[in-house]
Amino acid sequence: MSTSSNDIKTTVGIIGAGPAGLLLARLLLRAGIESVVIEAKDREYVEQRQRAGILEQGTVDVLREAGAHERMDKEGLVHDGVEFLFNKKRYPLHFPTLTGGRSVMIYAQTEVCKDLISLQLKEGGPLLFETKALGVDGANTPNPSIRFERKDGSTGTIHADYVVACDGYWGVGREAIPKELCQDYERTYPFSWLGILADVPPSNDELIYARHPRGFALLSMRSPTVSRYYLQVPAGTDAKDWSDEQIWDELEKRCETTDGWKVQRGPITQKSVTPMRSFVHEPMAYGSLFLAGDAAHIVPPTGAKGLNLAVGDVVTVARALKHKVQTGSDDLLRAYSETCLQRVWQAERFSYDMTNLLHTDPNATPFEDKLQIARLQRIVSTPSAETDLALAYTGFPL
Ligand code: RFL
Ligand code: PHB
């Protein structure tokens with residue numbers, strides 16, 4: 001790699017230092033391939049942005065292979081199941097029994113990013129914060145480039161052999177693919193999630209997915225002393241419209257059980273609202289440009305799949321780039337979009353089904369409400385249905 005002021009040459013230019021971009025840089029480093037990462041925001045912003053919590057077994061394995069596991073293996077919480085709560089009763093699903101030994105881990109996306117950033121700054125190629133990609137040129141040539149702007153207003157270019165856009169849903173990478181080759185598949189939902197972080201030990205050992213006539217609730221956690229809870233709220237809700245007391249009251253109502261168990265309250269340290277969206281952009285590649293993670297697809301968070309899908313994409317592109325460098329063959333690079341989309345659509349299906357299974361639709365008829373309960377009943381009382389759900393939740397093969 002060579003850098004002269006703002007004119008940079010490298011093998012792989014990566015846009016975005018979310019989990020996808022950071023992990024890709026790490027995997028390429030381990031494969032002996034140079035890269036440069038540019039990120040629009042500053043380091044603190046990237047490290048504090050509250051998002052995913054659940055790592056599939058396959059994601060945990062990849063982070064271990066990438067040597068980014070030291071803190072994860074100390075602080076991550078292995079979870080052998082989740083519970084469904086409806087009609088005031090809790091129904092546990094035990095993943096290892098249902099899946100032949102698979103489980104998931106709670107280790108927040110913020111922590112994955114912190115670990116990968118610190119490794120990259122210590123051992124990897126350049127990681128430039130506050131450097132915003134303005135666009136990708138020559139995507140369909142062997143010499144693609146990324147135009148960027150720094151915080152001080154200066155502009156520059158990364159000249160690369162390949163560009164991987166890991167710049168999330170609002171990024172610029174996708175725009176470099178001619179519109180006539182693209183197809184977007186999208187669904188928005190009439191509800192959002194109000195998410196809180198609270199300094200209180202989790203009320204239950206396992207995650208609880210609760211379906212209640214008042215709406216969905218999810219009880220998750222970040223550590224033995226910090227809880228992460230979510231409430232279904234109408235789309236367009238402002239987090240400021242909910243007082244702390246209202247949030248606890250609502251969590252208590254939606255998670256009410258007949259056995260007297262209750263959600264424990266504590267100081268709320270963060271509140272935010274996340275809109276729900278399903279989105280897939282096809283194709284995920286064009287010439288020397290590859291899209292990875294939220295830049296190519298979004299799932300509603302009910303299935304806990306977004307971060308795990310991003311990991312699947314970057315493992316696939318890193319493997320294909322390594323194959324190209326070692327053998328000269330670009331077979332795997334050309335298959336990238338097709339390969340990823342198979343897994344992406346399985347995750348889209350699962351996330352959509354989980355969302356519809358658990359959220360209440362204000363426009364649903366009483367008949368549809370009854371069907372929703374029947375679907376839940378069927379899952380918790382039918383081993384094959386439980387197994388199907390557990391296999392999808394713990395992860396599709398990479
Ligand atoms: P990210 O994390 O959005 O990172 C993209 C990065 O690109 C930067 N960027 C640019 N940089 C330079 N130039 C530009 N022009 C740029 N435009 C954008 C951005 O600043 C950003 O740093 O995408 P990535 O890496 O693909 O990672 C995807 C995940 O973040 C996302 O899928 C998950 O967080 C989704 N998700 C969950 N996924 C799970 O696997 N398990 C979960 O339990 C889970 N829970 C969740 C979630 C997402 C949530 N929200 C907030 C959407 C829970 C929630 C509430
Ligand atoms: C989280 O802990 O943030 C979390 C867990 C499970 C989900 C979504 C989010 O399905």
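Residues numbered from 1 in each chain as written. Chains lettered and ligands numbered in written order. Predicted model: local features only at pLDDT ≥ 70, side-chain atom pairs only at ≥ 80, totals over all residues. Heavy atoms only, no water.

An unreviewed UniProt entry lists the protein under the name FAD-binding domain-containing protein, with Apiotrichum porosum given as the organism.

*Asks:* Would you take a moment to explain the sheet that holds strand 4 (residues 35-38) for this structure?
*Replies:* Think of a sheet as strands paired side by side through backbone hydrogen bonds, with each pair either parallel or antiparallel. Read from one edge of the open sheet, six strands run 10-4-3-14-21-20, paired in mixed fashion. Whereas interior strands pair on both sides, the edge strands pair on one side only; in this sheet they are strand 10 (127-128) and strand 20 (285-286). Sheet topology note: the strand 14 (residues 162-165)/strand 21 (residues 289-291) ladder contains three bridges and is parallel. Its bridge partner lying in strand 21, Ala165 is registered against Leu291. Strand contacts of helix 9 (residues 331-358): strand 14, strand 20 and strand 21, with the helix running at about 30° to strand 21, the strand carrying the most contacts. (Pairing = 2+ DSSP bridges. Helix = DSSP H or I, 4+ residues; strand = E, 2+ residues; numbered from the N terminus. Contact = heavy atoms within 4.5 Å. Axes fitted to C-alpha atoms, helices over the stretch in contact; angles between N-to-C directions.)

*Asks:* Help me understand the packing of helix 8 (residues 306-327) against helix 9, please; the structure alone is not making it clear to me.
*Replies:* A pair of packed helices can be characterised by two numbers: the angle between their axes and the separation between those axes. The N-to-C vectors of helix 8 and helix 9 enclose an angle of 165°; their axes lie 10 Å apart at closest approach. Classed by the angle they form, the pair helix 8 and helix 9 counts as roughly antiparallel. Here helix 8 and helix 9 pass one another in a crossing that is right-handed. Where helix 8 approaches helix 9, its residues Asn308, Leu309, Gly312, Asp313, Thr316, Val317, Arg319, Ala320, Leu321, His323 and Lys324 are matched on the opposing element by Leu332, Leu333, Tyr336, Thr339, Cys340, Arg343, Val344 and Ala347. Here the contact of helix 8 with helix 9 is composed, by residue class, of 10 nonpolar, five polar and four charged. (Parallel < 35°, antiparallel > 145°, perpendicular 65-115°, else oblique. Left-handed = near helix turned anticlockwise from the far one by under 90°. Nonpolar A, V, L, I, M, F, W, Y, C, P; charged D, E, K, R; others polar.)

*Asks:* Is there a simple way to explain the pattern of salt bridges in this structure?
*Replies:* A side chain of one charge can pair with a side chain of the opposite charge if their charged atoms are brought near each other. Evaluated as defined, the whole model comprises 27 salt bridges. With a shortest N-O distance of 2.7 Å, Glu56 and Lys305 are connected by a salt bridge. With Glu56 in strand 5 (residues 54-56) and Lys305 in the loop between strand 22 (297-298) and helix 8, this residue pair connects regions lying 249 residues apart in the sequence. One salt-bridge network, in which partners are shared between bridges, spans Arg71, Glu75, Glu111, Lys114 and Asp115. (Salt bridge = Lys/Arg side-chain N within 4 Å of Asp/Glu carboxyl O.)

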